[in-house]
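Chain and residue survey
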Amino acid sequence: MINVGIIGGDTEAAGELIRILLNHPDVILQAVSAPALAGMRLDRYHRGLIGDTDLCFTKELDGVKLNCVFLLGEPWQAQEYMRGVDAVSHTSQDEESEPEELLHIIDLTGSYRDGSCGMVYGFPEYRRKALVRGALRASLPSPIAIALEAGLFPLAKNHMLNGRIEADAELFRRDDEDCEVSVRRDPVAPCEKRPDAESVAGEVARELRHIDASFGGSLQVRLSSNPRHSRGLIARIGLPAGLNVDEVRKLYEEAYSDHSFSFVIDREPEIADVSNTNKCLIHIAEAIAPANKFGNPLDPHSGLTVTVAIDNLLKGSAGNAVHCMNLLFGLSERTGLQLKASAH
């Protein structure tokens, strides 16, 4: 069994993560740290946990033998924990312990996406082998980045990304000012670490260059929010002309044929298709070209549009974290993540 601890247990992402881990067949949730809430029961702060756990928040994770720690909350909390971990010599442990007994760390604060502290970038669609083959640490992409990377990965893999790429990412979120439970609005990172358009573009471009060293195109990202749903993210990516839609669709189907959560579908995905799941749904279509006053397209070769839909709190955060944990520990990717869709 994997003995798990969570730092930053008062975040919304922690609530989602706790709900998954309590039902994961290979996990024992041992401790959830949130100094300001120490002593309070988890089910009094995070909804949906009554009858599932008697755990209370703790001030620290000290004194608990853990195999895996999830870092959430403020970047300084993650950095403080990592300094403590790296200050301890694991020489004897590394020599004598089985790999699954070593401490694995998964960062959701955005502090280590550059690969520092031995972190593997947690984009499983591309980094699955790196996560499986002996890695002990992973740092998750931002939700918007993982949607865009999923939408561009098959083309980058086949060295087909050139020219200017434009993407619009729409985050669905109701602003519930009356909510008194899990009120912090940082599903992956606090405000100063939340990606803006420029940082998202940089994060995605960095991963594209890792996938395809010859990638020299430009990426422009526009962000918007929509209160129509309480969760979810839809990204629309415009690709340059010169790509055949049927050929591109085949490339995407081949790229994701052996993946557990990413699927190519024949219609534009909706939030209801992915809400409360770890799925990533992708649709490829010819772009609708602007028309002149007579209804004729101004540019008959206007390129393609790739539409990607995910649940930003699961596939974009807690679900992806558990996916990475499964890979780090050599479990089936889908373990604990066959979640019931809310379908609304």
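Note that the structure is a prediction, hence the values are computed from the model and not measured. (Residues numbered from 1 in each chain as written. Predicted model: local features only at pLDDT ≥ 70, side-chain atom pairs only at ≥ 80, totals over all residues. Heavy atoms only, no water.)

All right, on to the side chain of Thr109 then. Inspection of the secondary structure puts Thr109 in the loop between strand E5 (104–107) and strand E6 (120–121). Looking at Thr109, the relative accessible area reads 0%, which means it is buried. A distance of 2.7 Å separates a polar atom in the side chain of Thr109 from a polar atom in the side chain of Asp107. (Helix = DSSP H or I, 4+ residues; strand = E, 2+ residues; numbered from the N terminus. Buried < 20%, exposed > 50% of the residue type's maximum accessible area, 1.4 Å probe, protein only. Polar contact = N/O pair within 3.5 Å; in protein donor to acceptor, adjacent residues only side chain to side chain.)

Attention shifts here to the sheet that holds strand E12 (residues 280–286). Spatial strand order, E9-E8-E10-E13-E12-E11: six strands in an open sheet with mixed pairing. Strands at the two margins of the open sheet, each flanked by one partner only, are strand E9 (218–226) and strand E11 (262–264). Across the sheet, the mean angle separating the axes of adjacent strands is 20° when strand polarity is ignored. Judged from the three bridges that link them, E11 and E12 form a sheet pairing that is parallel. Note on E12: the bridge partner recorded for Ser262 is Cys280. Its contacts with the sheet place helix H6 (residues 143–157) against strand E8 (164–172), E9, strand E10 (233–239), E12 and strand E13 (304–310), and it is angled at close to 40° to E10. (Pairing = 2+ DSSP bridges. Axes fitted to C-alpha atoms, helices over the stretch in contact; angles between N-to-C directions. Contact = heavy atoms within 4.5 Å.)

To continue, consider the confidence of the model for the protein. Any region with low pLDDT has predicted coordinates that should not be read closely. Summary statistics for the protein give a mean pLDDT of 85 and a share of 85% for residues scoring 70 or more. Here residues 177–194 is modelled with pLDDT under 50, and outside its nearest four sequence neighbours on either side it reaches 42 contacts, counting other chains as well. (pLDDT = per-residue confidence, 0-100.)

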